[in-house]
Amino acid sequence: MSEQHDFPLEIVTPSGVIFTGRVHHVMVPGADGYFGVLANHAPLTAVLQTGKLTVDTAAGEKVFAISGGFIEVTPERVALLSETAEPENSIDIPRAEEALKRAQERLAAGEADLDVDRSRLALARALNRMRIASHE
Amino acid sequence: MANLKQIRKRITSVTSTQQITSAMKMVAAAKMRRAQENIVKARPYAFRLQEVMGDLARITDPQLHPLLARRDPHRTALVMVTGDRGLCGGFNSNIIRQVEIHLKVEQGETQLVPVGRIGHDWYRRRTVPILKQYTSFFNDLAFTHATSIGSMIIDLYTRLELDRVEIIYNEFKSAVRQDVVVETLLPIDIEQGTQSHNECIYEPDAVTLLNSILPLHINYQLWRILLESYAAEQGARMTAMEAATDNAAEMIAELTLHYNQARQAAITTEISDIVGGAEAISN
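Residues numbered from 1 in each chain as written. Chains lettered and ligands numbered in written order. Predicted model: local features only at pLDDT ≥ 70, side-chain atom pairs only at ≥ 80, totals over all residues. Heavy atoms only, no water.

## Examining the interface of chain B and chain A
Right, on to step 1. Facing the 29 residues of chain B at the interface are 27 residues of chain A.
Right, on to step 2. The contact between chain B and chain A buries some 2200 Å² in all, and 64% of this surface belongs to carbon and sulfur atoms.
Right, on to step 3. Summed over the three residues of chain B that lose the most area to chain A, namely Tyr45, Arg48 and Glu203 of chain B, the buried surface amounts to 30% of that side.
Right, on to step 4. In this assembly, chain B and chain A are joined by two salt bridges.
Right, on to step 5. On inspection of chain B and its partner chain A, the count reaches eight residue pairs in polar contact (both at pLDDT 80 or more).
Right, on to step 6. Residue assignment for the side of chain B that touches chain A shows that the elements contributing at least two residues are α1 (4–59), α4 (143–158), β5 (201–203) and α5 (206–282) of chain B. (Contact = heavy atoms within 4.5 Å. Buried area = accessible area lost by both parts, 1.4 Å probe. Salt bridge = Lys/Arg side-chain N within 4 Å of Asp/Glu carboxyl O. Polar contact = N/O pair within 3.5 Å; in protein donor to acceptor, adjacent residues only side chain to side chain. Helix = DSSP H or I, 4+ residues; strand = E, 2+ residues; numbered from the N terminus.)

What follows is the structure, encoded as structure tokens:
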């Protein structure tokens with residue numbers, strides 16, 4: 001019996017389908033840490049956090065910065081939904097730096113109506129994008 | 001008889017107005033096409049989201065989720081989506097009319113969330129309380145605009161400061177048709193999935209998963225509505241500007257006719273003057 005070693009993956013955001021194709025391995029930022037998905041994985045639906053998404057294709061490795069979302073593994077395919085997914089080489093570093101500064105300032109100022117959770121999340125997103133863009 | 005010079009001036013002015021309206025029509029058509037493309041691009045996400053949400057809703061208790069919980073609607077937030085600009089026929093006024101109807105029949109306390117500059121301008125000097133407004137962003141509409149509205153209402157709903165969130169917007173039916181629709185954003189009305197993914201692992205667990213997916217659903221709904229409203233606005237503007245261009249053409253034709261009549265009358269008068277003068281001399 002021949003085992004299949006690759007599987008179809010789809011990365012979907014509200015701005016469109018970012019990636020679709022056959023891959024060997026996906027590494028995603030799960031709620032309790034990074035985990036990988038290989039072919040013939042058991043059906044799974046998992047929450048993701050902001051972090052780095054690594055995809056191994058026949059043509060090489062692709063890295064994306066994603067902002068949370070979830071992954072759905074079914075016997076037929078793997079779908080990854082996130083509100084944003086940016087390929088590492090298209091991250092706008094000045095914009096990420098700006099967002100980082102804004103979030104830091106907001107947290108430092110500590111205004112009364114500050115939404116701490118949201119600012120923290122914004123900070124995490126900006127840091128994540130910068131880290132991935134600079135290949136750390 | 002109208003002055004020849006005056007008519008000429010009016011023809012020039014109507015012609016330049018016509019150039020503007022016809023340019024606006026073409027710009028609106030291009031923007032509408034782009035907005036339509038974005039709507040299509042957003043569809044796969046919605047499809048997958050619905051699927052997973054339906055599956056999760058089937059295996060969990062809806063009362064466990066703060067965004068699914070139904071309460072008596074004492075405090076309602078009404079999100080009204082208009083455009084940032086006018087010159088688009090009934091696009092904005094239809095929304096305002098619908099909001100007025102809504103405010104009249106509403107029993108509890110209602111706060112408005114105007115999205116788009118026109119709606120905000122209309123209500124900021126009136127007595128209806130405004131919760132928060134989001135204006136002047138349609139030109140560079142991005143998903144983050146939907147998330148900022150989404151997180152605001154989700155936050156207030158989970159803190160029990162709102163019991164219901166409704167939204168009024170123009171639905172994009174076709175390039176020439178927009179329908180005003182009213183939808184309930186919160187609590188979320190979930191359709192339970194029928195197709196079951198047996199023995200699926202949920203990580204961390206189904207309830208946590210659903211809780212983190214529901215906000216994505218709200219943000220997506222808002223995104224779709226913003227895109228639809230923007231496409232509808234451009235469609236309405238395209239239709240309005242096309243009508244304006246046609247009206248201008250009609251006016252130009254009429255004015256040209258008057259102009260030629262006036263010119264002909266002036267020539268006739270001049271000729272009869274000359275003929276009369278010549279006859280007077282020869283006699």
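## Points about the domain arrangement of chain A
Residues and elements named next belong to chain A.
Right, on to step 1. When its domains are assigned, chain A resolves into domain 1 (7–88) and domain 2 (92–133).
Right, on to step 2. Distance between the C-alpha centres of domain 1 and domain 2: 24 Å.
Right, on to step 3. Each partner contributes to the interface: domain 1 provides 10 residues, whereas domain 2 provides six residues.
Right, on to step 4. Summed over both sides, the interface between domain 1 and domain 2 buries roughly 580 Å², with carbon and sulfur atoms accounting for 62% of that surface.
Right, on to step 5. Linking domain 1 to domain 2 there are one salt bridge.
Right, on to step 6. Its salt-bridge partner being Arg129, residue Glu86 comes within 2.7 Å of it at the nearest N-O pair.
Right, on to step 7. Counting the contacts that link domain 1 with domain 2 gives three residue pairs in polar contact (both at pLDDT 80 or more).
Right, on to step 8. Broken down by secondary-structure element, the contributors of at least two residues to the side of domain 1 that touches domain 2 are β5 (51–57) and β6 (60–66). (Domains from an automatic or database assignment.)

## Details of the side chain of Asp163 of chain B
All names here are of chain B.
Right, on to step 1. Mapped onto the elements, Asp163 comes out in the loop between α4 and β3 (164–174).
Right, on to step 2. Polar contacts involving the side chain of Asp163 include one to the main-chain amide nitrogen of His74, which spans 3.1 Å.
Right, on to step 3. Other than its neighbours up to four places away in sequence, Asp163 contacts Arg71, Asp72, Pro73, His74, Arg75, Tyr157 and Pro187.

## Examining unusual backbone geometry
Residue and element names in this part refer to chain B.
Right, on to step 1. Leu186 connects to Pro187 through a cis peptide bond whose omega is 0°.
Right, on to step 2. The topology assignment puts Pro187 in the loop between β4 (177–186) and β5.
Right, on to step 3. Note that the residue after Glu203, namely Pro204, is joined by a cis bond; omega there is -5°.
Right, on to step 4. As for its placement among the helices and strands, Pro204 is situated in the loop between β5 and α5.

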